[in-house]
Amino acid sequence: MYSTISGVLTSLSRLLAMLGGILLLAITALVVLSVSGRALIWAGLGPIPGDFELVEAGTALAVFCFLPWCQMERGHVSVDVFADWLGPRVNAVLAVLFDLAMTVVAAFILWRLWAGMQDKLQYNETTYILQFPVWWGYAVCVPVGAVFVLVCAWTVVRSLVEARDPGRAAGRA
């Protein structure tokens, strides 16, 4: 069961990260087209209306898409200056604590994301140029944020298992 859950969450995280990358490529193309249109106003072209609104929403979603993969791959910032001196047992305990802290932070972010979406939905706030509801941007990030919380919780379990069985951590590489 451990390997099944790990495989599913790893695959889902990887898929979301790829989606985030594709989204950033699309945002880049949008910006290039919009800036090119501004430069070619003399030729009858122009900027893409609402380009900054699309970039803002798309970038937020892309960032959320990268978070689960980063957590699964232990890619978040860490300071390892003293790690070699502490020994494997202390490092294992620190890994559990750091993963637990990240789970709390991810849950807090998801909670506030949900609350923000409810607020934007209640007041029918829309973007300035395109007039699309602002809550849509929140709504697409909520499920990805939920995956981030699940992945963070899983990494706590993973770190606990690795702390009890260091051989499993070595087999991971």
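Residues numbered from 1 in each chain as written. Predicted model: local features only at pLDDT ≥ 70, side-chain atom pairs only at ≥ 80, totals over all residues. Heavy atoms only, no water.

Novice: Can you help me understand the overall build of the protein in this one?
Specialist: From N to C terminus, the protein includes six helices and zero strands. Secondary structure elements of the protein occur, N-terminal to C-terminal, as α-α-α-α-α-α. Taken against the 2.2 N^0.38 rule, which gives 16 Å for 173 residues, the C-alpha radius of gyration of the protein at 21 Å runs more than 25% over that of a compact globule. A principal-axis box enclosing the C-alpha atoms of the protein has dimensions of 65 × 35 × 30 Å. By residue count, 32% of the 173 residues in the protein fall in the buried class. A total of about 10800 Å² of accessible surface is found on the protein, and carbon and sulfur atoms cover 73% of it. (Helix = DSSP H or I, 4+ residues; strand = E, 2+ residues; numbered from the N terminus. Rg over C-alpha atoms; globule rule 2.2 N^0.38 Å. Buried < 20%, exposed > 50% of the residue type's maximum accessible area, 1.4 Å probe, protein only. Areas by Shrake-Rupley, 256 points an atom, 1.4 Å probe, with all protein chains shown as cover.)

Novice: Quick question: what am I supposed to make of the packing of aromatic side chains here?
Specialist: The geometry of an aromatic ring pair is captured by two quantities: the separation of the ring centres and the angle between the planes. Taken as a whole and judged by the stated rule, the model has three aromatic pairs. Each ring, one from Phe 108 and one from Trp 111, has its centre 5.5 Å from the other, and the planes form 65°; the classification is edge-to-face. With Phe 108 and Trp 111 both in helix H4 (residues 88-122) and three residues apart, this pair spans about one turn of that helix. The ring of Trp 111 has Arg 112 lying over it, and the distance from NZ or CZ to the ring centre is 4.5 Å. (Phe/Tyr/Trp six-rings, centres within 6.5 Å; stacked < 30°, edge-to-face > 60°. Lys NZ or Arg CZ within 6 Å of the ring centre and 35° of its normal.)

Novice: Could you clarify how one ought to interpret the pattern of salt bridges in this entry?
Specialist: Where charged atoms from two side chains of opposite charge approach closely, those side chains can pair. Counted according to the given criterion, the structure contains three salt bridges. A salt bridge links Arg 74 to Glu 162; the nearest nitrogen and oxygen atoms lie 2.4 Å apart. Of this pair, Arg 74 sits in the loop between helix H2 (51-72) and helix H3 (83-86) while Glu 162 sits in helix H5 (residues 135-164), placing them 88 residues apart in sequence. Residue class for Arg 74 comes out partly exposed when judged on its relative accessible area of 34%. Lys 120 is paired through a salt bridge with Glu 125; the nearest N and O atoms lie 3.1 Å apart. For Lys 120, a relative accessible area of 17% gives the class buried. (Salt bridge = Lys/Arg side-chain N within 4 Å of Asp/Glu carboxyl O.)

Purely geometric stuff here, so don't read any function into it on its own.
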